[in-house]
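# Coordinate inspection notes
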Amino acid sequence: MIVSWNTTNACNMYCDHCYRDAGVKAQEELSTAEAKTMLEQIARAGFKIMIFSGGEPLMRPDIVELVAHAKSLGLRPVFGTNGTLLSVEMARKLKTAGAMGMGISLDSLDKQKHNEFRRYDKAWEQAVQGMKNCREVGLPFQIHTTVMDWNQSELEAITDFALDIGAVAHHIFFLVPTGRAVTIEEESLRAEAYEDVLTRIMKKQQTVPIELKPTCAPQFTRIAKQLGMEIRFSRGCLAGTSYCIISPKGQVQPCAYLNLPLGDVRETPFDQIWRNNPILKELRTLDYKGGCGICGYKKICGGCRARAAYYNDGDYMAEEPWCLYHGRKGGK
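In this numbering scheme, every chain counts its residues from 1 along its sequence in written order. Only residues with pLDDT of at least 70 are given local features in this predicted model, and only at 80 or more are side-chain atom pairs given and counted; all residues enter the totals for whole chains, interfaces and linings. Only hydrogens and water are removed before side-chain values are computed, so all heavy atoms of the structure are retained for them.

### Quick look at the pairing of strand β6 (residues 169-174)
Across the six residues that make up β6, a large majority, five, are buried. With respect to chirality, the unit in which strand β5 (residues 141-147) leads through helix α6 (residues 155-165) into the neighbouring parallel β6 is right-handed. Note that β6 and strand β7 (residues 211-215) share five bridges and pair parallel. If you follow His 171 over to β7, its bridge partner there is Lys 213. The rule is simple: take the accessible area with a 1.4 Å probe, protein chains only, and divide by the maximum for that residue type; under 20% is buried, over 50% is exposed, in between is partly exposed. The numbering of helices and of strands both runs from the N terminus, where a helix is a DSSP run of H or I of at least 4 residues and a strand a run of E of at least 2. Seen with the strands pointing away from the viewer, any crossover whose path from the first strand over the helix to the second strand runs clockwise is right-handed. Only when DSSP finds a minimum of two bridges between them are two strands counted as paired.

### So, the pattern of salt bridges
One side-chain nitrogen of Lys or Arg within 4 Å of one carboxyl oxygen of Asp or Glu is enough to make a salt bridge. On inspection of all chains with the given rule, the structure shows 12 salt bridges. For the salt bridge of Lys 204 with Asp 160, the shortest nitrogen-to-oxygen distance reads 2.9 Å. Within this pair, whereas Lys 204 is found in helix α7 (residues 191-205), its partner Asp 160 is found in helix α6, the two being separated by 44 residues in sequence. For Lys 204, a relative accessible area of 15% gives the class buried.

### What to know about the side chain of Gln 41
Tracing the backbone shows Gln 41 in helix α1 (residues 32-44). Taking the relative accessible area as the measure of exposure, Gln 41 reaches 9% and is therefore buried. Ignoring sequence-local partners within four residues, the contact set of Gln 41 consists of Val 265, Pro 269, Phe 270 and Asp 271. Two residues qualify as a contact provided that any one of their heavy atoms is within 4.5 Å of a heavy atom in the partner residue.

### Topic: the packing of aromatic side chains
Aromatic pairing here means that ring centres of Phe, Tyr or Trp (its six-membered ring) are within 6.5 Å. Orientation follows from the plane angle: under 30 degrees is stacked, over 60 is edge-to-face, and everything else is tilted. In the structure shown here, the tally under the stated rule is 10 aromatic pairs. Measuring from centroid to centroid gives 6.2 Å for Trp 124 and Phe 161, while their planes differ by 50°, and the two rings are tilted. Taken as a pair, Trp 124 in helix α5 (residues 123-137) and Phe 161 in helix α6 lie far apart in primary sequence, 37 residues in all. Between the aromatic rings of Phe 220 and Phe 233, the centroid separation amounts to 5.9 Å while the plane-to-plane angle is 75°, which identifies the pairing as edge-to-face. One end of the pair, Phe 220, is in helix α8 (residues 220-226); the other, Phe 233, is in the loop between α8 and β8 (243-246), with 13 residues separating them in the sequence. Accessibility assignment for this pair places Phe 220 and Phe 233 in one class, buried. Among the aromatic side chains, those forming a connected cluster through ring pairs are Trp 5, Phe 52 and Phe 79. Seen from the ring of Trp 274, Arg 284 lies directly overhead, with NZ or CZ sitting 4.4 Å from the centre. As a reminder, the over-ring test applies to NZ of lysine and CZ of arginine, requiring each to be within 6 Å of the ring centre and within 35 degrees of the ring normal. Positioned over the ring face of Tyr 288 is Arg 305, at 4.1 Å from the centre of the ring.

### Some remarks on the environment of Thr 199
Mapping Thr 199 onto the fold places it in helix α7. Separated by 27 residues in the primary sequence, Thr 199 and Gln 226 place their C-alpha atoms 9.9 Å from one another. Whenever two N or O atoms come within 3.5 Å, that pair is a polar contact, provided that in protein one can donate a hydrogen and the other can accept it, and provided that, for residues adjacent in sequence, both atoms are side-chain atoms. A polar contact of 2.9 Å, which involves the side chain of Thr 199, links it to the backbone oxygen of Glu 195.

### Quick word on the sheet that holds strand β1 (residues 2-6)
Taking strand neighbours across the sheet as the criterion, the 10 strands line up as β7-β6-β5-β4-β3-β2-β1-β8-β9-β10 in an open arrangement whose pairing is mixed. Whereas interior strands pair on both sides, the edge strands pair on one side only; in this sheet they are β7 and β10 (263-264). As judged from the five bridges shared by β1 and strand β2 (residues 49-53), these two strands associate in the parallel manner. Residue pairing across strands places Val 3 opposite Met 50, the latter belonging to β2. Running over the sheet, helix α2 (residues 63-72) touches β1, β2 and β3 (76-81) and is turned about 145° from β3. Only the stretch in contact is used when a helix axis is fitted, and all axes are lines through C-alpha atoms; the angle between N-to-C directions ranges over 0 to 180 degrees.

### With respect to the packing of α2 against helix α3 (residues 88-97)
Contact pair α2 / α3: the axes reach a minimum separation of 8 Å and the direction vectors enclose 25°. On the basis of the axis angle, α2 is roughly parallel to α3. Seen from above, α2 lies across α3 with right-handed handedness. Residues Val 64, Val 67, Ala 68 and Lys 71 of α2 form the contact with α3, whose own contacting residues are Met 90, Lys 93, Leu 94 and Ala 97. The scheme is simple: roughly parallel for angles under 35 degrees, roughly antiparallel for over 145, roughly perpendicular for 65 to 115, oblique for anything else. The sense of a crossing depends on the near helix, which, turned anticlockwise from the far helix by less than a right angle, makes the crossing left-handed and, turned clockwise, makes it right-handed.

This is the structure we're talking about:
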């Protein structure tokens, strides 16, 4: 099970697609003591992978201390970061504290395109240097790419770059319109292109030794099965079933892109929210509507619940719109 905590809303970038609309630190973010208590509740709930994200998590001054605490609880601390603050010293401190992996954003091999998307003129150079710094101290890292209409032709080349620079994986994120990403919704892929890109990614996986993982594109599990591939991922959309996210202020929601308040860890312990919330219980029924409800692959795919909600007036159990396959009963 995986939980992601937006450690802070502070960020040194202003990326076009940011679901948190990050930039300035939010008022009343969780204190160090509150964060440690929350981590204890997360471990008690049975979670294993603890993602520290943001904003930019390395802008939080107590981040190394929190990583060490998570590690002491038996959690596996990993990061989602823009990589620009990953000096050799910081990478070494994180590894010593128990960090197990860094996910570093890189959206194009064209420096200008990446920098413009991230609204930071040194984003590409500093991210790549951050990767090299991780490699130097032996801290595993992977590349995270948000796929858009303007960079989808580069994905295989970015995978090759990831392999060359020493990344252990290349995770490819598909846009969900929320936060600032609403303003660039028209740049996201649609059903035909979406299916084509997922198929390309799965075929590329057959040629490289590092892991390729589409995120917020649960149909990849179906496509892998149709291609006869064995993958380690048993399900596509994890929202509310084995994944959730926590805001800088301690507010829990089913995933980063499904903005449904489930509870506040300052008021209710996280493990109680995870166990008892009625929205989470409904998501776990898999009683979807439309094509997702009758699809033979719903147990391994599930459709993107956040995208279903966005395009269906908030109905998170509705049919996911970006799928060419929904409505069929084939599969297992």
